[in-house]
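Letter by letter, the chains look like this.
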Amino acid sequence: MQKHKGYSRFVFLCLFPAVLLFFIFMILPTLNVFRMSLFERGAYSPTETFVGLANFRALLQDAKFIRAMQNTILMIVVVTVITFALALVFAGILTREKLRGQNFFRVVFYIPNILSVVVISGIFSAIYKPENGMLNSVLSLLSGKTVSILWKGAPLVMVSLIIAMVWQAIGYYMVMYMASMAAVPVSLYESASLDGAGRIRQFFGITLPLIWTNIRTTLTFFIISTINMAFLFVKAMTSGGPNGASEVALSYMYGQKDAGLYGYSMAIGVVIFLFSFLLSAIVNKVTERDTYEF
């Protein structure tokens, strides 16, 4: 009994600092965001006026906020689908096929993930430059005439941001899935080949089911992280422009805070917080499958 109490005390002393820091720097600020969303207050004013749910009612009538949420959802869906599809395909090719220089391809694909968002934004901003950017220069060379497309103009700005985000993320998830695929016994593929199953059928019938737990976990984290990554790319590449065409929820929240609407920006933060948790629950439910073992 004494030994058990001593062990419990040791565990408590080890966990207490981490729990205390988590409570102070995560739980309390989050609760304060919920509290401040019910008040009207300037960004640098100590005066608070209780307005109840007025900030949330104003959000429902705010066309700019609705547009920002639509852009956020668009990025989440498109970036997630493209990133995971390409990561799985490339991982499958580099794992199953005997290619020369596999380690080289792994390193090349992973490099974008170790670069900061600012660096990646600078690279793609240079590529997208309408006057002498690499993309327009290549198109001009292929077409034989001068091409000056505004890649960060209103019609194409979201496409340009999505391409940059996919390029940044794909290598990390490809490497993760390669590790999972490498653990699948080769005998399963050999048996499937003897039964007449081709590469594509083996991929969907053997590989995906056996690594589904890993896909499901990474999918949830990626979707939530995309909300933050979208803000970082927008802030570094477009600042929400032109005319709010690339504004996302988090960048709009910061813009309202900078404009002095502190309570209103906190209401936006609450909506994003609840949206993230709701999205996580939906993804977990939709991706729920039986676990396969080998």
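Given the structure is predicted, the values throughout are model-derived calculations rather than measurements. (Residues numbered from 1 in each chain as written. Predicted model: local features only at pLDDT ≥ 70, side-chain atom pairs only at ≥ 80, totals over all residues. Heavy atoms only, no water.)

A word on the overall build of the protein chain
Note the threshold: Working definition: helices are DSSP H or I runs of at least four residues, strands are E runs of at least two. Numbering for both runs from the N terminus. Between buried and exposed lies partly exposed: a residue is buried under 20% and exposed over 50% of the maximum accessible area for its type, with that area taken using a 1.4 Å probe on protein chains only. The contact rule is simple, with two residues in contact once any of their heavy atoms fall within 4.5 Å.
When helices and strands are counted, the protein chain shows 12 helices and 2 strands. Reading the helices (α) and strands (β) of the protein chain from amino to carboxyl end gives α-β-β-α-α-α-α-α-α-α-α-α-α-α. Dimensions of the protein chain, computed from C-alpha atoms along their principal axes, come out at roughly 85 × 75 × 30 Å. Within the span of the protein chain, comprising 294 residues, buried residues form 38% of the whole. At a minimum sequence separation of 6, the contacts of the protein chain that also span at least 24 residues come to 69%.

Observations regarding the nonpolar core
A general tendency of soluble globular proteins is for nonpolar side chains to be buried together. How we decide: The set of buried Ala, Val, Leu, Ile, Met, Phe, Trp, Tyr and Cys residues whose side-chain atoms join them within 4.5 Å is what this entry labels a nonpolar core.
Core analysis: the largest hydrophobic core is formed by 65 residues, its most contacted members being M75, L88, L161, Y177, F233 and I268. Those elements that provide at least two residues to this core are α3 (63-96), α5 (117-127), α7 (157-182), α8 (186-194), α9 (199-210), α10 (212-237), α11 (249-258) and α12 (262-286). Here Y177 is in contact with F84, A87, L88, A91, N214, I215 and T218, once residues within four sequence places are set aside.

Some points on unusual backbone geometry
Cis geometry marks the peptide bond from G241 to P242, where omega comes out at -5 degrees. Structurally, the position occupied by P242 is in the loop between α10 and α11. Despite not being glycine, N243 shows a phi value in the positive range, around 55 degrees. With a relative accessible area of 77%, N243 lands in the exposed category.

Quick word on the side chain of T220
Relative to the helices and strands, T220 is located in helix α10. Note on T220: relative accessible area 14%, which makes it buried. In this structure T220 touches S280, V283 and N284, once residues within four positions along its chain are discounted.

A word on the confidence of the model for the protein chain
Our working definition: Here pLDDT means the predictor's own confidence in every residue, given as a number from 0 to 100.
When pLDDT is averaged across the protein chain, the result is 88; 96% of the residues are at 70 or more. Predicted confidence in the protein chain is weakest over helix α4 (residues 102-114), with a mean pLDDT of 84, and strongest over helix α2 (residues 54-60), with 93.

Considering the packing of aromatic side chains
Two aromatic rings, taken as a pair, are described by how far apart their centres are and by the angle between their planes. Put simply, the rule reads: Only Phe, Tyr and Trp rings take part, Trp by its six-membered ring, and two of them pair if their centres are within 6.5 Å. Stacked means planes under 30 degrees apart, edge-to-face means over 60, and tilted covers everything else.
Applying the stated rule across the entire model yields 18 aromatic pairs. Judged by centre distance (5.6 Å) and plane angle (35 degrees), the ring pair of F12 and F16 falls under tilted. Separated by 4 residues within a single helix, F12 and F16 lie in helix α1 (residues 2-36), roughly one turn from each other. Taking relative accessible area as the criterion, F12 reaches 52% and is therefore assigned exposed. Ring centres of F273 and F277 lie 4.9 Å apart, and the angle between their planes is 45 degrees; this geometry places the pair in the tilted category.

Some words on the environment of A68
Counting through the fold element by element, A68 comes out in helix α3. Residues A68 and S251, 183 residues apart in the sequence, show an inter-C-alpha distance of 8.4 Å. Sequence-distant contacts of A68, defined by excluding residues within four places in its chain, comprise E247, V248, A249 and Y252.

Things to note about the environment of S140
Tracing the sequence through the fold places S140 in helix α6 (residues 134-143). According to the relative accessible area criterion, S140 is buried, its value standing at 19%. In this structure the C-alpha to C-alpha distance between S140 and F39, which are 101 residues apart in sequence, comes to 55 Å. Dropping the residues within four chain positions of it, S140 is found in contact with K145, T146 and V147.

Remarks on the environment of T83
Following the sequence through the fold, T83 ends up in helix α3. A C-alpha to C-alpha distance of 17 Å links T83 and T213, two positions 130 residues apart in sequence. Once residues within four sequence positions are removed from consideration, T83 is found in contact with V166, A169, I170, Y173 and F222.

Digging into the pattern of salt bridges
What counts, and what does not: Any carboxyl oxygen of Asp or Glu that lies within 4 Å of a side-chain nitrogen of Lys or Arg is treated as forming a salt bridge with it.
Considering all chains together, one arrives at 3 salt bridges under this definition. Between R35 and E48 there is a salt bridge, with the nearest N and O atoms lying 3.3 Å from each other. With R35 in helix α1 and E48 in the loop between β1 (39-40) and β2 (49-50), the pair connects residues that are 13 residues apart, well separated along the chain. A salt bridge links K285 to E288; the shortest N-O distance between them is 3.8 Å. For K285, a relative accessible area of 62% gives the class exposed. Here E288 falls in the partly exposed class, since its relative accessible area comes to 46%.

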